[in-house]
Amino acid sequence: MILFTKPVTRIIFLCCTTLIFGMHQSQSFGQVATNPVNPLDKTISFASNNQPLERVISQLTEKLAIGFSYDNALKPKLQQTISLNSSHRPVKAILDEVLLPNGLTFRIVSNQLIITESKPPSEKAAKGSISGLLLGMPENIPLGFVVVNLPEQKKSVLSKEDGSFYFGDLDAGEITIQVTCMGYVPVNLRYLVSEGNNPPLRIQLESSLSELEGVTITGIRLGEVKALSQMQNAENIKYVMSQEQIERFPDLTVGESLQRVPGVAVGYSYGLPRDVIIRGLGQGLSSVTMNGNRLPSTGAGSRSTDLNGILANSIESIEVIKTLTPDRDADGTGGAVNIVTKSPKMNEKMIDAKLAGGYNGLLGKGTYDLGLTFGDRKSKWSYLVGASYSRNWRAEDRVDKSYSNYSINGENRLMLSNLDLDGYEIKRDNLALNGELKYYASERSSFYFRASYNKYYEIQNRLERIINIRSYENESQLKDVRITQSGNWRDYHRDLFQASIGGLQFFKDWKLDYDLTYSLGKYDQPTYYSAAFVRNGLQGTLDLNDPRAPQFNFEQENPFDPSLYTTNRYINRHDTSTDRDGQYSINLQKGIRIGEIIGNLKFGSRGKYKYNDRFRNYFLHDLKSGQFLLSDHLSSYQKDDHYQGAYQMFNFPEAKSLERYYQENKGLFSVNDTYTRQNTDPDSFTGNEYLLAYYAMSELNYKKLKIIGGLRYETTGFKYNGNQVNFDDRGQYVNTVPVNTDKSFNGFFPSINLKVAMTPHTNFRAAITRSLARPSYYDLVPWEEIETNRLRISKGNPDLVQATSVNYDLLFEHYFKSVGLLSGGVFQKNLRNYLYNTSFTQEGGTYDGYLVRQTINGADALVRGFEFAWQQQLTFLPGAWNGLGVYANFTYVLSKFEVPGENSPRTASLPDMRPHVGNMSLSYEKYGFSGRLSMYFYGTFNSELSEDPNNDLLEKGRHQLDFSASQKLTGRLSLFVGVNNITNQPISDVFRDGRPQNDAYYSRWGNLGLRFKTY
């Protein structure tokens, strides 16, 4: 994309050193030298009195030690006499003074001054174009996101990911090409632009670190250079993590990689990151895109994409966009995560192969991870195909506690009511397939087709023991205890598919890009078997010396005797949700110049049509007579060291055994219609949405200031069909009534991003933007569940509107000339119509006095904080120390919003908002070795809010220590190792008054493997 940059004080963020041309300019000029000194810039004093013009030019060129020549037809003009007296002026200015009045001009070629006839002002100036490729030495690696500057033409362009660049509509004549980049030696180069298309250039850049023994800009460090260059030259505030940087950490999925980014926290699922929280705001207030197109949901009724389902090995880079521009979707109040898929570079045969094995310490089972990507780029065509597969075992030892009020010796006491012990065995399979085909018709025209498919398949075997205390004799003596031994076998499929076709076209100084995309997200749980066996009437004592792991001593000799546990029911279900859409985008851009202000105008539109559904079939099967014994359906699961050895887990049911019995003896069961309808109909829905968006924006550059501003308009319409489910006074099912809604909401979203280039390596940025967050699909569905016996209503809310936010950002960033970044900034977000779950008592009408649970608008929220980031290779240190590197970031966030209370509203921090989050990492890279010890940490935060503040649930702060290293065995083959959660940190929840609620351990896991890369 051509970026027309500053006229007077150039912001030159460029990258360069030795400039070598792949083709000759012409036979008469030959190959242009690297970094020539322009003799016309020399300042001299010169005087002449009534001498022929030819003699004057001869004297001038003698001073410069160059020759000159001219066509014989110009002889008469050169015989005219002139007088001249110039003191301390550039030679170029002197030549203009003596030649232009006589209808002559000049150019310098191969140390020769060529005199030519100047064209009449009325004659149209000749135009030309140039294209080229930026390559990093010594391995000729393409350098993307680097600014190439033409100061005389007052134009700049950012090189593409493959290192290529293009300038069109240039005035023919001699120009200067300027390129600068961290880690490389800057250069100024003179080049002659001829009319029409000029031969392509190859610009090879020598590393400025070449004098440091064992330190080169290749592999991992090259990835950091590319990412930092993209951030430095971005039009907004963003953070970019390249594939090479991702490989530095022992991370398998995109979710794991995102926890390393400044300002980003993650929500966990069985010890692995799943959801992204940007600047304290959850994934519902942010967006996830792939190549700029919003990804569909892989959840049941939500808009979120499970980031466990995308393997980090299958992507090129991750962009975390923190301030929006009008050409981006407005649904990014927290920010936007853009996943960029792989693409081959110019003249590059791309092979990336990975083979690894691993181990999960909690289960004692092996894992493996493999992938292969192959691609090539020729002059007109490029292609890429890739496949990655991972088998990953996960486990969880969980202890949940809940509390109720009991009467003990006439006093009402809050005591432990349930101890829930969960043991999970999880097998996760990830498959990633991706492909791309591009056709480059010319430097001004290209077309692409790309597709990706990610499948995330999980099988869970969950064994659960629930100890329910029905009554206390005293604080430690229990007189009525029920134990439930449960087995649950379930699987999950999360499929994510996206296919796009589009292109890029230049028309003179207009640029057009367009894209058509089809997306499909699917959540499917075809298997869910659940069996729970119960034993009642136990007595014993309770030991709370360790409140996180309470201990029970039962009076019965064998409290877990499987022959004494019974049930007369069995549950199975099938839950599936689909989210598919078609979307288009079109953008048109034109360069402009108003005096010394250079920039562009950009217009565009995006449209989307989406279909979404969920079908939940939940069945409770009751035995018509008799009951099951646990001893007849035992699982082989046994664990003697559950939760760090605090409990022994054994005698659990095998749920698949009851499923087989049910399928073979269906006539012995009856369907519990009330239970089935209550758990099926309210959760099932169908619907569709549409989005139309239009925007206009401009980029204006004046001296060191860049302004990107504009306006976006979005309208969203939706139609949803749900169910109203009714129950009688005894809680029995009555009927299901279909209900539907058809509504829309819209808004204008202005934004402005400012960047001041204080130096070529230092930026100050500021932004004011307006953004939105849409309600989840399920919240918009007009479903209702009316329980007359409980005087309770749960329902959706089709009257919801989009939440909006006005966002303010300030950021200082300095990019080190070697490789690195130091940045710090502050931000504030003022949210309106914040979406939250609440309950209230209905007043008046048919359901007067009923408790209503619903998601509503209404709360305003304030979020403010600051960010700091420092990443640098310490190449200034002496000797072996110059291989050290630092990667550190820290974000502090404060938030508040008003929530209902028991007696009056109260102010609290937003749920899921980590008050502080960060990374600290120390690395060493030299002689082909790369090693890194990393710690990710966050502070205690609100997990759930209750009407009673004492019952607010908090997740305790945590820090996880990881290690990763790699060693080059050959130029292309590396050995790598990674270990996660070295100190076995748990995830723990507590109530605000200090009572422990949930504690879970995951142990350690790691891998060891080989990687072969040709790039």
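Conventions used here
- Residues numbered from 1 in each chain as written.
- Predicted model: local features only at pLDDT ≥ 70, side-chain atom pairs only at ≥ 80, totals over all residues.
- Heavy atoms only, no water.
- Pairing = 2+ DSSP bridges.
- Helix = DSSP H or I, 4+ residues; strand = E, 2+ residues; numbered from the N terminus.
- UniProt positions renumbered as here; feature names shortened; annotations may be inferred.
- 1 Å grid on protein atoms, 1.4 Å probe; cavity = no way out; pocket = protein on both sides within 12 Å on 5 of 7 lines; lining within 4 Å.
- Points joined across faces, edges and corners; volume = space filled by probe spheres on them.
- Buried < 20%, exposed > 50% of the residue type's maximum accessible area, 1.4 Å probe, protein only.
- Polar contact = N/O pair within 3.5 Å; in protein donor to acceptor, adjacent residues only side chain to side chain.
- Contact = heavy atoms within 4.5 Å.
- Core = buried A, V, L, I, M, F, W, Y, C linked by side-chain atoms within 4.5 Å.
- Domains from an automatic or database assignment.
- Phe/Tyr/Trp six-rings, centres within 6.5 Å; stacked < 30°, edge-to-face > 60°.
- Lys NZ or Arg CZ within 6 Å of the ring centre and 35° of its normal.
- Buried area = accessible area lost by both parts, 1.4 Å probe.
- Salt bridge = Lys/Arg side-chain N within 4 Å of Asp/Glu carboxyl O.
- Axes fitted to C-alpha atoms, helices over the stretch in contact; angles between N-to-C directions.
- Parallel < 35°, antiparallel > 145°, perpendicular 65-115°, else oblique.
- Nonpolar A, V, L, I, M, F, W, Y, C, P; charged D, E, K, R; others polar.

A. Quick peek at the sheet that holds strand E17 (residues 238-242). An order of E17-E22-E23-E20-E21 is seen for the 5 strands of this open sheet, with the pairing classed as mixed. Among the strands making up the open sheet, the edge pair consists of E17 and strand E21 (293-294). As paired elements, strand E22 (residues 315-321) and strand E23 (residues 336-341) share 6 bridges and run antiparallel to each other. Bridging from a neighbouring strand, Ser317 pairs with Val340 of E23.

B. Examining the UniProt feature "domain: TonB-dependent receptor plug" (unreviewed entry) in the protein chain more closely. In the numbering used here, UniProt assigns the "domain: TonB-dependent receptor plug" (unreviewed entry) feature to residues 238-335. Each end of residues 238-335 is marked by a C-alpha atom, and these two atoms are 9 Å apart; helix forms 9% of the span and strand 32%.

C. Quick look at empty space enclosed by the protein. Tallying each qualifying case throughout the model produces 15 cavities of 30 Å³ or more. By volume, the second largest cavity is sized at about 170 Å³. Lining the second largest cavity are 17 residues; nearest its centre among them are Lys238, Lys322, Leu811, Ser823 and Glu867. Those elements giving two or more residues to the lining of the second largest cavity turn out to be E17, strand E46 (803-815), strand E47 (820-841) and strand E48 (851-873).

D. Local environment of the side chain of Asp397. Within the fold, Asp397 resides in strand E26 (residues 381-408). Using a relative accessible area of 3% as the deciding quantity, one classes Asp397 as buried. A distance of 3.4 Å separates the side chain of Asp397 from the side chain of His642, its partner in a polar contact. For Asp397, the residues in contact, after removing those within four places along its chain, are Leu362, Asp422, Lys639, Asp641, His642, Tyr643, Asp999, Ala1000 and Tyr1001.

E. How the structure looks around the pairing of strand E51 (residues 916-926). Two strands pair when backbone bridges link them, and strand E49 (residues 884-899) and E51 are joined in this way by 9 bridges, in the antiparallel orientation. Paired with Tyr892 across the two strands is His916, which belongs to E51. Relative to strand E52 (residues 929-938), E51 runs antiparallel, the two sharing 10 bridges. Bridge assignment links Ser921 to a residue of E52, and that residue is Ser934. Joining the antiparallel neighbours E51 and E52 is a turn of 2 residues, in which Tyr927 adopts a positive phi near 55 degrees.

F. Spatial organisation of the nonpolar core. Counting 53 residues, the largest nonpolar core has Ile177, Leu258 and Ile339 as the members making the most contacts within it. With 4 residues, helix H4 (residues 220-232) is the single largest residue contributor to this core. Taken domain by domain, this core gets at least three of its residues from each of domain 2 (128-206) and domain 3 (381-1013). Discounting chain neighbours no more than four positions away, the residues touching Leu258 are Val264, Val276, Leu307, Ile318, Val320 and Val337.

G. Structural context of the packing of aromatic side chains. In total, this model carries 39 aromatic pairs according to the counting rule given. The interplanar angle of 80 degrees and the centroid separation of 5.7 Å between the aromatic rings of Phe560 and Phe650 together place this pair among those described as edge-to-face. Within this pair, whereas Phe560 is found in the loop between strand E32 (551-554) and strand E33 (566-567), its partner Phe650 is found in the loop between strand E38 (647-649) and helix H8 (655-664), the two being separated by 90 residues in sequence. With relative accessibility at 23%, the residue Phe650 sits in the partly exposed group. Ring centres of Tyr836 and Phe897 lie 6.1 Å apart, and the angle between their planes is 75 degrees; on these two criteria the pair is classed as edge-to-face. Residue Tyr836 is found in strand E47, and its partner Phe897 is found in strand E49; the two are separated by 61 residues along the sequence. Judged on exposure class, the residue Tyr836 and its partner Phe897 are both buried. Site record: aromatic cluster; members linked through ring pairs are Phe685, Phe718, Tyr720, Phe745, Tyr778 and Trp783. Geometry around Tyr448 places Arg450 over its ring, the cationic atom sitting 4.2 Å from the centre.

H. Layout of the domain arrangement of the protein chain. Splitting the protein chain by domain gives domain 1 (39-117), domain 2 (128-206) and domain 3 (381-1013). Of note, the centres of domain 2 and domain 3, computed from C-alpha atoms alone, are 45 Å apart. Ranking the residues of domain 2 by area buried against domain 3 places Lys154, Tyr166 and Met182 at the top, with a combined share of 59%. Taken together, the links from domain 2 to domain 3 amount to 0 salt bridges.

I. Looking closely at the pattern of salt bridges. With the rule as written, the count across this model stands at 59 salt bridges. With a closest N to O distance of 2.8 Å, Lys602 and Asp327 form a salt bridge. You can see Lys602 sitting in strand E35 (residues 597-623) and its partner Asp327 sitting in the loop between E22 and E23, a full 275 residues away along the chain.

J. Spatial organisation of the environment of Ser698. On the secondary structure map, Ser698 appears in strand E40 (residues 685-702). Note: C-alpha distance between Ser698 and Pro326 (372 residues apart in sequence) is 9.4 Å. Once residues within four sequence positions are removed from consideration, Ser698 is found in contact with Asn600, Leu601, Ile707, Ile708 and Gly709.

K. Examining the packing of helix H1 (residues 53-64) against helix H3 (residues 91-99) more closely. Two elements in contact, H1 and H3, have axes separated by 11 Å at closest approach and are oriented at 170 degrees. In terms of orientation, H1 lies roughly antiparallel with respect to H3. Between H1 and H3, the residues in contact are Leu53, Ile57, Leu60 and Leu64 and Val91, Ile94, Leu95, Val98 and Leu99, respectively. Looking at the contact of H1 with H3, its residues break down into 9 nonpolar, no polar and no charged.

L. Here's a closer look at H8. Listed in full, the buried residues belonging to H8 are Ala655, Ser657, Leu658, Glu659 and Tyr662. Buried residues along H8 sit against strand E29 (477-507), strand E31 (528-543), strand E34 (569-594), E35, strand E36 (628-629) and strand E39 (669-671).

M. Structural view of unusual backbone geometry. The phi torsion at Asn409 lies on the positive side, around 55 degrees, for a residue other than glycine. Position of Asn409 among the secondary structure elements: in the loop between E26 and strand E27 (411-442). Look at Asn833: it is not a glycine, yet its phi comes out positive at around 55 degrees. Summarising the element assignment, Asn833 is placed in strand E47. A relative accessible area of 29% places Asn833 in the partly exposed class.

N. Molecular detail of the environment of Leu324. Among the structural elements, Leu324 can be located in the loop between E22 and E23. For Leu324, a relative accessible area of 6% corresponds to the buried category. Distance from Leu324 to Pro101, taken between C-alpha atoms, is 52 Å for residues 223 residues apart in sequence. In contact with Leu324, not counting residues within four places along its chain, are Asp329, Ala330, Gly332, Ser751, Asn753, Thr769 and Ser771.

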